[in-house]
Amino acid sequence: MTKSELILRLSEANPHLYQRDVERIVSTIFDEVSWAMARGDRVELRGFGAFSVKKREARIGRNPRTGTAVSVKEKFVPFFKTGKQLRERLNDND
Amino acid sequence: MADRTVTRAQLSEAVYQEVGLSRNESSDLVESVLDEVVDALVRGEVVKISSFGSFSVRQKGERIGRNPKTGDEVPILPRKVLVFRPSHVLKNRINDALSGETKAS
């Protein structure tokens with residue numbers, strides 16, 4: 001399912017809403033989650049999961065082809081932990 | 001980092017501010033969006049949200065694990081796990097915002 005398919009499904013389920021409003025709703029939700037992580041905040045959606053940001057310290061890496069040492073700057077990676085309810089739902093249908 | 005926690009309440013508030021719907025309907029829609037994503041994943045679909053990332057379900061095979069306390073071998077049954085792959089847009093957004101900041105702290 002892509003974002004546009006998600007918008008389509010929601011529009012069908014909510015015929016009283018304009019599709020452009022449904023688009024704005026979906027974009028707003030994912031934007032809020034993105035910006036929260038960009039502030040370093042955690043986003044906790046019970047039953048679904050939690051988004052957080054993990055810091056990777058600067059390190060000396062190696063070019064695997066040549067073996068030369070290269071410094072890798074510290075970086076931040078988004079992380080998602082699946083919620084308990086969703087994890088259970090993924091596994092209880094078989 | 002992780003000074004604050006954002007929950008459904010803040011997402012609903014953002015939807016309420018952005019679109020001219022009632023607070024109740026805004027929070028119902030946040031729930032509907034999450035439900036649609038969950039339903040698609042349970043059907044086994046990959047969910048791709050452009051400029052955010054993609055969620056996919058991966059089947060894990062059985063393996064032998066160990067109870068770290070007792071050292072006993074325990075079978076870990078085959079199971080499905082959810083994997084989130086953040087898009088480059090999201091990774092860049094986070095790094096652009098946070099990398100300068102921690103130099104100070």
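Residues numbered from 1 in each chain as written. Chains lettered and ligands numbered in written order. Predicted model: local features only at pLDDT ≥ 70, side-chain atom pairs only at ≥ 80, totals over all residues. Heavy atoms only, no water.

## Brief notes about the sheet that holds strand β2 (residues 49-56) of chain A
Read across the open sheet, the 4 strands follow the order β5(A)-β2(A)-β1(A)-β1(B); overall the sheet is mixed. The open sheet has two free edges, formed respectively by β5 (75-82) of chain A together with β1 (5-6) of chain B, since each of these has just one partner strand. For strand β1 (residues 42-45) of chain A and β2(A), the ladder comprises 3 bridges, and the chain directions are antiparallel. The residue bridging A:Leu45 from the neighbouring strand is A:Gly49, located in β2(A). (Pairing = 2+ DSSP bridges. Helix = DSSP H or I, 4+ residues; strand = E, 2+ residues; numbered from the N terminus.)

## Observations concerning helix α2 (residues 19-38) of chain A
Residues and elements named next belong to chain A. Under the 1.5 Å per step criterion, the end-to-end length of α2 is 28 Å for 20 residues, consistent within 8% with the ideal 28 Å. Considered for burial, the residues of α2 that qualify are Asp21, Val22, Ile25, Val26, Thr28, Ile29, Phe30, Val33, Ser34, Ala36, Met37 and Ala38. Gly40 lies just past α2 and shows a positive phi near 90°. (Expected span 1.5 Å × (residues − 1). Buried < 20%, exposed > 50% of the residue type's maximum accessible area, 1.4 Å probe, protein only.)

## Points about the interface of chain A and chain B
A common way to state how big an interface is: give the accessible area lost once the parts meet. With 48 residues of chain A at the contact, the number on the chain B side is 53 residues. Of the roughly 5,000 Å² buried at the junction of chain A and chain B (both faces included), carbon and sulfur atoms supply 66%. Of all residues in chain A, A:Met1, A:Phe76 and A:Leu90 bury the most surface against chain B, accounting for 15% of the area lost on that side. In this assembly, chain A and chain B are joined by 5 salt bridges. (Contact = heavy atoms within 4.5 Å. Buried area = accessible area lost by both parts, 1.4 Å probe. Salt bridge = Lys/Arg side-chain N within 4 Å of Asp/Glu carboxyl O.)

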